[in-house]
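# Structural overview for review
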Amino acid sequence: MHKDVEQVAVDAAARVLDTNWTGRHTVPATGLYPHQWSWDSAFVAIGNRHREPARARAELVTLLDAQWADGRVPQIVYDVGRDDDYAPGAGFWRSETSGLVQPPVHAWAAWLVHCADPAGSAREGFFASVYPRLVRWHEYLHVRRAGGVGLPVAKHPWETGTDNSPLWDVALERVPPEARTPIRRPDLRHAGSGERPGGRDYRRYYRLAEAYRDAGCADDLPIGFAMVCPLFASVLAVSELALARMVTALSDGGGSAPSAAGGAHEAAAARVIAALDKHLWDEELGLYVALDDTTGERVHRATVNGLVPLLLATPLAPGSAMGPEGAVGVGAGRAERMLATLAGPGFLGGGPFLPSTSREDPAFDPALYWRGPAWFNMSWLLQRAVRARGRDDLAARLKGHFTVAEPEGFPEYVDPDTGAGRGTRQFSWTAALTLDMLL
Ligand code: 2M8
């Protein structure tokens, strides 16, 4: 991108984040998503750290302030005054937060936020505030959410962050498409119906959410959906490595994190990676897949989720500016296969943008949400992964995706063939990750 064009994009991205900032957190988008979402806030903090580091820290602290007593960090923290604009709302959950969770990118985000402004972070006691809460969050996932293969399970498609990915189709098929709650779809006022999950999906989403809520959001009762996701597991491993880095930083600064804790976080990351490698690899597709914890079956579908373990494929020197990803890793042979899959016809070899679902999957649809469109957080994750492996060619391709962000109005996702905006606009993580790419 030309320097002047970059500056225009940076200024416009900053304006999106300023508009979506409520004073304590950033909404993903006014209109469609008027509350605080868990992993959105992590991506927003990653972008804001370059320009508003105090705000980036506040974003994560606000989210962690909503942590449940059992350690879970909720999917949505409702801004109750705006409840009518999004369904299901706080009234549905009978709580100020949703009972579900989202992928655990938070510790990684906290580490990156700290690195951008270590002095401000130390002055505010940022790690001292967030580290113990992040440890309890991960413990919740490792213990209360442990599935049969030792990896955490998602109990609802909303928990995966990739709501209508084909990875969940078979498991969701078993859920009756009937809910007691009347289903409202305010989302369809803000995005085309061909770009959002359909009515049958929503009835199942509500059915599962009701079952979980009615069980008191307890995790010992099966509710009919339990999926292990390679994206979820990979970011958990990266986040464990981030906690290990935090322990070192805390002890260097005279903090109180026990020194053995760093090793425990590394060991937790290694366990996650070993389980991922053992149970989720799909040799034929050349990437990782989901596993249905109810049946023990792997889901033979190629999605971008299955390439995110590339983050864990490169041994990096401790303290690397790249961040904690890759300090321990999946086998080199698998990394090479994943790179070939990424460059192949299903993904970057088949068109200009990185699709969320392989172009070769029968469900591929370039407009429909997580079934084909290109998402900026996925390009960002994969860009970091391939850059760490020295694949500058692929890194440049993925960085190139961000050139359409500003001209398309910072869309939620784009058509993977044309780059045309889809979903809502002025979407926070698109703006934030554009900033992270350009600053
Ligand atoms: C989308 O999910 C929400 C439910 O959480 C929805 O469709 O209503 C997903 O893209 C999810 O990953 C994201 O966190 C959320 C807010 O941007 O929107």
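Residues numbered from 1 in each chain as written. Predicted model: local features only at pLDDT ≥ 70, side-chain atom pairs only at ≥ 80, totals over all residues.

Convention followed: UniProt positions are given in the numbering used here, feature names are shortened, and annotations may be inferred rather than shown by experiment.
Note on the chain: under the UniProt heading Sequence similarities (unreviewed entry), the record states "Belongs to the glycosyl hydrolase 63 family."

### Thoughts on the environment of Trp-111
The following threshold applies: A run of H or I in DSSP counts as a helix once it spans at least four residues, and a run of E counts as a strand once it spans at least two, with each numbered from the N terminus. Each residue is classed by its C-beta neighbour count within 10 Å, where at least 20 other C-beta atoms makes it buried, 12 or fewer makes it exposed, and intermediate counts make it partly exposed; the C-beta atoms are placed from backbone geometry.
Residue position: Trp-111 is located in helix H5 (residues 106–116). We classify Trp-111 as buried; it has 24 C-beta atoms within 10 Å. Along the backbone, Trp-111 and Ala-209 are 98 residues apart, and their C-alpha atoms lie at a distance of 32 Å.

### Concerning the site of the ligand
Inclusion rule: We call a residue near a molecule or strand if the C-beta atom, set from the backbone, is within 6 Å of it. Side-chain classes follow a simple rule in which Ala, Val, Leu, Ile, Met, Phe, Trp, Tyr, Cys and Pro form the nonpolar group, Asp, Glu, Lys and Arg form the charged group, and the remainder, Gly included, forms the polar group.
Near the ligand the following residues occur: Pro-28, Tyr-33, Trp-37, Trp-39, Asp-40, Gln-75, Trp-158, Gly-161, Asp-163 and Asp-187. Its residues assigned to classes, the shell around the ligand comprises five nonpolar, two polar and three charged.

### Points about the environment of Gly-150
To keep it simple, the criterion reads: Placing C-beta atoms from the backbone, we regard two residues as in contact once those atoms come within 7 Å.
Position of Gly-150 among the secondary structure elements: in the loop between helix H7 (126–144) and helix H8 (157–160). Taking the C-beta count within 10 Å as the criterion, Gly-150 has 16 such neighbours and is therefore assigned partly exposed. As a C-alpha pair, Gly-150 and Arg-271 span 121 residues in sequence and 8.4 Å in three-dimensional space. Ignoring any residue separated from it by four or fewer positions in sequence, one finds Gly-150 in contact with Arg-271 and Ala-275.

### A look at the nonpolar core
We apply this condition: Take the buried Ala, Val, Leu, Ile, Met, Phe, Trp, Tyr and Cys residues, join any whose C-beta atoms are within 7 Å, and the set you get is a nonpolar core. Where each domain begins and ends follows an automated or database-derived domain assignment.
If you look at the biggest cluster of nonpolar residues, it comprises 133 residues, and the most contacted ones within it are Ala-109, Met-227, Leu-310 and Leu-382. With 13 residues, helix H11 (residues 230–252) is the largest single contributor of residues to this core. In this structure, this core is formed jointly by two domains, domain 1 (1–24 + 369–439) and domain 2 (25–368), each of which donates at least three residues. For Leu-310, the contacting residues outside a window of four places in its chain are Ala-335, Met-338, Leu-382, Ala-385 and Val-386.

### Things to note about the domain arrangement of the chain
For the chain, the assigned domains are domain 1 (1–24 + 369–439) and domain 2 (25–368). Domain 1 and domain 2 are separated by 19 Å when their C-alpha centres are compared. The interface of domain 1 with domain 2 comprises 46 residues on the first partner and 59 residues on the second. Taken together, the elements giving at least two residues each to the side of domain 1 that touches domain 2 come down to helix H1 (3–20), strand E7 (374–375), helix H14 (376–388), helix H15 (392–400) and helix H16 (428–438). The leading source of residues in the side of domain 1 that touches domain 2 is H14, at nine residues. Broken down by class, the residue content of the side of domain 1 that touches domain 2 amounts to 25 nonpolar, 11 polar and 10 charged.

### Points about the confidence of the model for the chain
Low pLDDT marks stretches whose predicted atomic positions should not be read closely. Inclusion rule: pLDDT measures the predictor's confidence residue by residue and takes values from 0 up to 100.
In this model, the chain carries an average pLDDT of 93, and 94% of its residues clear a pLDDT of 70 or more. pLDDT under 50 marks residues 316–323. Its contacts with residues more than four places away, or in other chains, come to nine contacts. Two summary scores accompany this predicted model of the complex, namely pTM at 0.96 and ipTM at 0.99.

### Structural notes on the sheet that holds strand E9 (residues 421–422)
We apply this condition: Strand pairing follows a simple DSSP-based rule, namely that at least 2 bridges must link the two strands.
Spatial ordering of the open sheet is given by E7-E8-E9, a layout of three strands whose pairing is antiparallel. With one partner strand each, in any of the chains shown, E7 and E9 form the two edges of the open sheet. Where strand E8 (residues 413–414) meets E9, two bridges bridge the pair, whose relative direction is antiparallel. Residue pairing across strands places Val-414 opposite Gly-421, the latter belonging to E9.

### Examining the environment of Gln-75
With respect to the helices and strands, the residue Gln-75 is situated in the loop between helix H3 (53–65) and strand E2 (76–77). Spatially, the C-alpha atoms of Gln-75 and Trp-39 are 7.7 Å apart, while their sequence positions differ by 36 residues. Setting aside anything within four residues of it in sequence, one finds Gln-75 in contact with Trp-37, Ser-38, Ser-98, Leu-100, Val-101, Gln-102, Trp-158 and Glu-159.

### Some thoughts on unusual backbone geometry
Residue Ala-87 is joined to Pro-88 through a cis peptide bond whose omega torsion reads 0 degrees. The phi dihedral of Cys-217 is positive, around 55 degrees, even though this residue is not glycine. Structurally, Cys-217 is set in the loop between helix H10 (199–214) and strand E3 (227–228). The class of Cys-217 is buried, set by 21 C-beta atoms lying within 10 Å.

### Comments concerning H10
Spelled out, the test is: Helix span, expected: 1.5 Å multiplied by one less than the number of residues in the helix.
With 16 residues, H10 extends 22 Å between its outermost C-alpha atoms, agreeing within 8% with the 22 Å of an ideal straight helix rising 1.5 Å per residue. Burial in H10 covers these residues: Tyr-202, Arg-204, Tyr-205, Tyr-206, Arg-207, Leu-208, Ala-209 and Tyr-212. Immediately beyond the C-terminal end of H10, within one or two residues, lies Gly-216, with a positive phi of roughly 70 degrees.

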